Amino acid sequence: MDRIAVILVNVGTPDSPSVSDVRKYLSLFLNDRRVIDLPWLLQKMLVNLIIVPFRASKSAKLYQELWTENGSPLMVYSESAAAKLQVRMGEEYRIFNTMRYGSPSLDNALQVIKYKNYKKIIILPLFPQYASATTGSVFQFILSKISSWNTFPALHFIDHFHNHPAFVGVFAKLAEKYQPTKNWDHVIFSFHGLPIQQLNKIHPDLDCRNCRCKTETIEEGRFCYQASCYETARLISSQMGLSKTSYSVTFQSRLTKNWMSPFTDEVLIQKAQAGIKKILILAPSFVADCLETKLEIGKEYQHLFRKHGGELLQLVDSLNDNDFWIEGLKDIIENHNC
């Protein structure tokens with residue numbers, strides 16, 4: 001039977017929370033030219049002489065706190081979701097769970113596919129909003145690897161799904177159990193941040209800081225991470241029944257002040273100081289719980305919010321291996337168009 005290979009790709013996780021494995025993972029991740037967009041020599045010096053040596057030990061402690069008896073939550077949920085999806089898709093499809101950095105290796109999956117005579121390959125990076133540093137990196141890596149193949153099956157790249165009804169609907173459904181319009185003073189949609197300079201390269205004629213994409217869908221927004229984030233929030237909030245003034249869009253995990261803003265931590269402080277006591281927070285740039293959701297939001301931001309006068313910061317679970325999300329993945333793969 002001719003089969004279709006489906007490659008699911010997430011960012012990755014260390015093989016263990018040991019310092020050596022975390023150092024290896026960080027090195028792979030941060031040496032990607034699309035992740036840190038600096039001149040080659042400057043990037044190598046910054047990453048290999050400063051960031052990785054000084055960050056590995058600190059990050060290892062965070063991963064040790066995150067780790068479960070089954071391993072990294074990102075890996076556990078990714079494996080479970082892929083297995084469930086394989087059952088849903090049937091024998092016509094072969095689902096590959098891979099990571100851009102680390103194991104299970106994207107490169108190894110491509111080697112298997114190369115010699116299995118698949119009639120079609122569908123690549124689905126599990127990043128809802130397109131960004132050069134995530135989805136772009138996956139596509140570049142795959143193209144570089146298959147360029148030497150003697151034969152090419154049909155290739156289909158799915159570059160985003162932030163506005164897919166299933167993705168939007170499942171996130172809204174997960175938030176429903178918290179009764180967002182009744183039990184909370186405010187809702188925050190927190191997205192992973194990016195350097196401003198990376199955004200500006202998508203449409204150099206538009207200033208992202210003053211772009212109307214924050215309030216409406218724009219033609220240039222398909223590959224603009226900022227536009228996609230704001231559209232994601234508008235779509236999910238609409239299904240949740242939120243008014244425009246009852247939610248905020250923020251960005252987390254910044255490295256410098258020259259990253260996307262407003263910053264999640266600063267907004268939480270402002271809300272707490274303004275008398276907001278209960279905040280429901282969603283992180284729809286992630287499809288599986290990880291360091292950024294479980295620890296950064298679930299622990300660090302919870303403490304920060306309470307420290308400045310807030311009472312409760314509740315994180316809505318990510319999509320993980322939720323059965324509704326598996327059906328959504330099936331629809332995205334079968335129909336391709338988002």
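It should be noted that the structure appears before, not after, this text.
This report concerns the structure included in the present document. Here the residue numbers are simple positions, counted from 1 along each chain's written sequence. Per-residue local features are limited, in this predicted model, to residues with pLDDT of at least 70; the limit for side-chain atom pairs, both in listing and counting, is 80 or more; totals at the level of whole chains, interfaces and linings are taken over all residues. To get the side-chain values, all heavy atoms of the structure are used, and hydrogens and water are removed first.

1. Let's talk about the pairing of strand β6 (residues 247-252)
Regular strands show a simple pattern: their side chains alternate between the two faces of the sheet.
Working step 1: The buried count for β6 comes to 6 of 6 residues, which makes it a mostly enclosed element.
Working step 2: Relative accessibility thresholds used throughout: buried, under 20% of the residue-type maximum; exposed, over 50%; partly exposed, between the two (1.4 Å probe, protein chains only). Helix and strand labels come from DSSP, where a helix needs a run of H or I of at least four residues and a strand needs a run of E of at least two; each type is numbered from the N terminus. Residues of β6 alternate between two faces, with Y247, V249 and F251 on one and S248, T250 and Q252 on the opposite face, all of them buried.
Working step 3: For two strands to count as paired, DSSP must find a minimum of two bridges between them. Two elements, strand β5 (residues 186-192) and β6, share 6 bridges in a ladder whose sense is parallel. Its bridge partner being in β6, V187 is matched across the sheet by Y247.

2. Some words on the layout of surface pockets
Working step 1: Cavity means a closed set of points on a 1 Å grid over the protein atoms alone, one where a 1.4 Å probe fits but cannot get out, pocket means an open set with protein on both sides within 12 Å along at least 5 of 7 lines, and lining means a residue has an atom within 4 Å of a point. Grid points are joined across faces, edges and corners, and a volume is the space filled by probe spheres set on the points. In this structure, the second largest pocket encloses a volume near 230 Å³.
Working step 2: Lining the second largest pocket are K214, T215, Y230, R234, S237, L242, K244, Y247, S248 and V249.
Working step 3: Mapped onto the lining of the second largest pocket, the elements with two or more residues apiece are α8 (225-240) and β6.
Working step 4: Considered class by class, the residues forming the lining of the second largest pocket number 4 nonpolar, 3 polar and 3 charged. Only Asp, Glu, Lys and Arg are considered charged in this grouping, and only Ala, Val, Leu, Ile, Met, Phe, Trp, Tyr, Cys and Pro are considered nonpolar; every other residue, Gly among them, is considered polar.

3. Some points on the packing of aromatic side chains
Working step 1: Stacked, tilted and edge-to-face pairs are distinguished by plane angle, under 30 degrees for stacked and over 60 for edge-to-face with tilted covering the rest, among Phe, Tyr and Trp rings (Trp via its six-membered ring) whose centres lie within 6.5 Å. Tallied over the entire structure, the rule returns 13 aromatic pairs.
Working step 2: A centroid spacing of 5.0 Å and a plane angle of 85 degrees characterise the contact between Y130 and F223, whose relative ring orientation is edge-to-face. Here Y130, found in the loop between β3 (120-125) and α5 (132-146), pairs with F223, found in the loop between α7 (196-200) and α8; they are 93 residues apart in sequence, far enough to count as distant.
Working step 3: What makes F223 partly exposed here is its relative accessible area of 36%.
Working step 4: We count a charge as sitting over a ring when the NZ of a lysine or the CZ of an arginine lies within 6 Å of the ring centre and within 35 degrees of the ring normal. One residue, R94, lies across the ring of F96, its end atom 4.1 Å from the ring centre.
Working step 5: Taking the ring centre of F263 as reference, the NZ or CZ of R254 above it sits at 4.1 Å.

4. As for the sheet that holds β5
Working step 1: Ordered in space as β6-β5-β7-β8, the 4 strands form an open sheet in which the pairing is parallel. The two strands at the open ends of the sheet, each matched to only one other strand, are β6 and β8 (312-315). Averaged over neighbouring strand pairs, the angle between their axes works out to 30 degrees when direction is ignored.
Working step 2: As paired strands, β5 and strand β7 (residues 278-282) are joined by 4 bridges and run parallel to one another. When the bridges of β7 are listed, V187 appears paired with L280.
Working step 3: Pairs of residues are marked as contacts when any of their non-hydrogen atoms sit within 4.5 Å. All axes here are fitted lines through C-alpha atoms, helices being fitted over the stretch that makes contact, and every angle between N-to-C directions spans 0 to 180 degrees. Helix α10 (residues 291-307) contacts β5, β6, β7 and β8 of the sheet and is inclined by roughly 170 degrees relative to β8.

Interpretation note: all reported values are geometric properties and have no functional meaning in isolation.
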